[in-house]
Amino acid sequence: RMLKRQMACRGDIHRLNAPFLAIYESLIPPEEERTKQKQLLALLEKLVCKEWPKAQLFLYGSCANSFGVSKSDIDVCLVFNEDINDKSEILLKLADILQSDNLQNVQALTHARVPIVKLKDPATGISCDICINNVLAVVNTKLLRDYAKIDVRLRQLAFIVKHWAKSRGVNETYRGTLSSYAYVLMCIHFLQQCRPAILPCLQGMEKTYNVMVDNIECAYFDKVEQLSNFGSPNKETVAQLVWGFFNYWAYGHDYANSVISVRTGSIISKQEKDWTRRVGNDRHLICIEDPFEISHDLGRVVDKFSIRVLREEFERAADVIQYDPNPCVKLFAPYVH
Ligand code: ATP
Ligand code: MG
């Protein structure tokens, strides 16, 4: 493994730039989708406001973190300025309200890990999940969006990685592979640790944004317009970065001992986090620290079967990019594990 890692990337890697950029461009949502999302949010606000005048609605997830591809569902969070003991009651009430306004497929999933109401808006064709008081998700959405503003290569890399993960069937948390959120954190980490760094560590800088959420201090430097030249000393192109990303996860990462941490901008040890053994269902076979909820390992869903699938897919991707005559087709070839 380590031998392979030392290898330089193929000499004609630059030939992959144009096709990768074309894939990236084709995945960016057109402006009219934004407009429709805003239209749906406005409708939801109107309905919610009648019942709960003090509640607020926030977009989170891929529709708001700038890593959303075209035709994604939208994630909405209904925030009350108080603790809610019985979310079921509110969700059922909310489902009632939405149902009577001609929204389609309205369903309250009160027993899910994150309880939600699902619906589809016939006017815009957009599907939507609404959760309650999940303020941490709203805040980590802002963190991701702020990182994306610093260097366009983050968004390019993450779109390619998400597209690869969906094509290869490794973006399914219910089957033990990783969430989109986890993949974006892996991309941010990768761009923080390359030299010269392409991304800074925002949580290690002066704190210009500071909120307390569920007793967790969420603080970081968010005046990112001041950092728009941060990555420019590093001239690597998206093709080199995609190659580097997959090589890192195939041959460079120390799965036995390391935790990736966007919060610190580096690697920390499993020892330090006490993530060295299985506790309950958390096996810590690939460790990705949540930037705010630092006791939370986003790799917790990965089990002894899916870790093999993941690592084989990382190696396959690295090898396809290194050796295949037509990597762009092969890399995204649909596969079901
Ligand atoms: P997709 O394009 O696949 O829908 P997404 O950005 O919406 O991607 P999800 O993984 O569906 O990503 O997560 C939606 C949001 O929920 C994330 O942006 C994040 O704010 C939050 N989230 C998801 N998973 C976790 C998690 N395990 N811990 C904390 N927050 C999470
Ligand atoms: Mg989503």
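Residues numbered from 1 in each chain as written. Chains lettered and ligands numbered in written order. Predicted model: local features only at pLDDT ≥ 70, side-chain atom pairs only at ≥ 80, totals over all residues. Heavy atoms only, no water.

**Points about the packing of helix α6 (residues 152–167) against helix α8 (residues 238–252)**
(1) Moving on: α8 packs onto α6 with a crossing angle of 55 degrees between their chain directions and a minimal axis gap of 10 Å. If you check the angle between α6 and α8, you find them oblique. In terms of crossing hand, the pair formed by α6 and α8 is right-handed. From α6, Arg153, Gln156, Leu157, Ile160, Val161 and Trp164 reach across to α8, where they touch Val238, Leu241, Val242, Phe245 and Phe246. (Axes fitted to C-alpha atoms, helices over the stretch in contact; angles between N-to-C directions. Helix = DSSP H or I, 4+ residues; strand = E, 2+ residues; numbered from the N terminus. Parallel < 35°, antiparallel > 145°, perpendicular 65-115°, else oblique. Left-handed = near helix turned anticlockwise from the far one by under 90°. Contact = heavy atoms within 4.5 Å.)

**A closer look at the domain arrangement of the chain**
(1) Moving on: Domain annotation for the chain reports domain 1 (13–27 + 140–331) and domain 2 (31–136).
(2) Moving on: For domain 1 versus domain 2, the distance between C-alpha centres works out to 27 Å.
(3) Moving on: In this assembly, 18 residues from domain 1 lie in contact with 12 residues from domain 2.
(4) Moving on: Buried area between domain 1 and domain 2, both sides added, is near 1300 Å², and the carbon and sulfur share of it is 64%.
(5) Moving on: Scanning the region where domain 1 abuts domain 2 turns up zero salt bridges.
(6) Moving on: Of all the secondary-structure elements, those providing two or more residues to the side of domain 1 that touches domain 2 are α5 (135–150), α6 and β7 (216–220).
(7) Moving on: Taken together, the residues that form the side of domain 1 that touches domain 2 break down as 11 nonpolar, two polar and five charged. (Domains from an automatic or database assignment. Buried area = accessible area lost by both parts, 1.4 Å probe. Salt bridge = Lys/Arg side-chain N within 4 Å of Asp/Glu carboxyl O. Nonpolar A, V, L, I, M, F, W, Y, C, P; charged D, E, K, R; others polar.)

**Concerning the packing of aromatic side chains**
The description of an aromatic ring pair uses the distance of the two centres, along with the angle that the planes make with each other.
(1) Moving on: The tally for this structure, following the rule as stated, stands at 13 aromatic pairs.
(2) Moving on: A centroid spacing of 5.3 Å and a plane angle of 70 degrees characterise the contact between Tyr24 and Phe159, whose relative ring orientation is edge-to-face. In this pair, Tyr24 sits in helix α2 (residues 17–27) while Phe159 sits in helix α6, placing the two residues 135 residues apart along the sequence. The same class applies to Tyr24 as to Phe159, namely buried.
(3) Moving on: Relative to Phe245, the ring of Phe190 lies with its centre 6.0 Å away and its plane at 85 degrees, an arrangement referred to as edge-to-face. Residue Phe190 is found in helix α7 (residues 180–193), and its partner Phe245 is found in helix α8; the two are separated by 55 residues along the sequence.
(4) Moving on: Put simply, the rings of Trp164, Tyr183, Phe190, Phe245, Phe246, Tyr248, Trp249, Tyr255 and Phe314 pair up and form one aromatic cluster.
(5) Moving on: It is Lys142 that lies over the ring of Tyr209; its NZ or CZ is 4.8 Å from the centre.
(6) Moving on: Directly above the aromatic system of Tyr255 lies the positively charged group of Arg311, at a separation of 3.8 Å from the ring centroid. (Phe/Tyr/Trp six-rings, centres within 6.5 Å; stacked < 30°, edge-to-face > 60°. Buried < 20%, exposed > 50% of the residue type's maximum accessible area, 1.4 Å probe, protein only. Lys NZ or Arg CZ within 6 Å of the ring centre and 35° of its normal.)

**Description of the nonpolar core**
(1) Moving on: One finds Phe20, Trp164, Tyr183, Met186, Phe246 and Phe314 to be the most contacted residues of the largest nonpolar core, which totals 76 residues.
(2) Moving on: Inspection of this core shows a minimum of three residues originating in each of domain 1 (13–27 + 140–331) and domain 2 (31–136).
(3) Moving on: Filtering out sequence-adjacent residues up to four positions away, Phe314 remains in contact with Trp164, Tyr183, Met186, Phe246, Trp249, Ala250 and Tyr255.
(4) Moving on: Ranked by size, the runner-up nonpolar core spans 28 residues in total, among them Val48, Phe80, Leu94 and Ile132. (Core = buried A, V, L, I, M, F, W, Y, C linked by side-chain atoms within 4.5 Å.)

**Re the site of ligand 1**
(1) Moving on: Lining the immediate environment of ligand 1, one finds 16 residues, of which Ser62, Asn140, Lys162, Lys166 and Ser180 sit closest.
(2) Moving on: Between ligand 1 and Lys162, the relevant distance is 2.9 Å, taken from an oxygen atom to a side-chain nitrogen or oxygen of the residue.
(3) Moving on: Between an oxygen atom of ligand 1 and a side-chain N or O atom of Ser180, the distance comes to 2.6 Å.
(4) Moving on: Elements represented by at least two residues in the shell around ligand 1 include exactly α5, α6 and α7.
(5) Moving on: The greatest single-element share of the shell around ligand 1, amounting to three residues, is contributed by α5.
(6) Moving on: In terms of residue class, the shell around ligand 1 is made up of four nonpolar, eight polar and four charged.
(7) Moving on: In terms of domain composition, the shell around ligand 1 takes at least three residues from each of domain 1 (13–27 + 140–331) and domain 2 (31–136). (Near = heavy atom within 4 Å. Polar contact = N/O pair within 3.5 Å; in protein donor to acceptor, adjacent residues only side chain to side chain.)

**Observations regarding the state of the cysteines**
In protein chemistry, a disulfide is the covalent bond that joins the sulfur atoms of two cysteines.
(1) Moving on: Inspection of the entire model under this criterion finds zero disulfides.
(2) Moving on: In this structure Cys128 is a free cysteine whose sulfur lies 8.2 Å from that of Cys63, the closest cysteine sulfur available.
(3) Moving on: The class of Cys128 is buried, set by a relative accessible area of 1%. (Disulfide = S-S within 2.5 Å.)

**Describing the pattern of salt bridges**
(1) Moving on: Taken as a whole, this structure holds 15 salt bridges when the rule is applied.
(2) Moving on: Residues Asp12 and Arg10 are paired through a salt bridge, measuring 2.7 Å at the closest nitrogen-oxygen approach.
(3) Moving on: The partly exposed category is assigned to Asp12, whose relative accessible area is 24%.
(4) Moving on: For Arg10, a relative accessible area of 16% corresponds to the buried category.
(5) Moving on: With a closest N to O distance of 3.2 Å, Lys330 and Asp324 form a salt bridge.
(6) Moving on: Among the charged side chains, a network of salt bridges with common partners joins Lys142, Asp146, Lys149 and Asp222.

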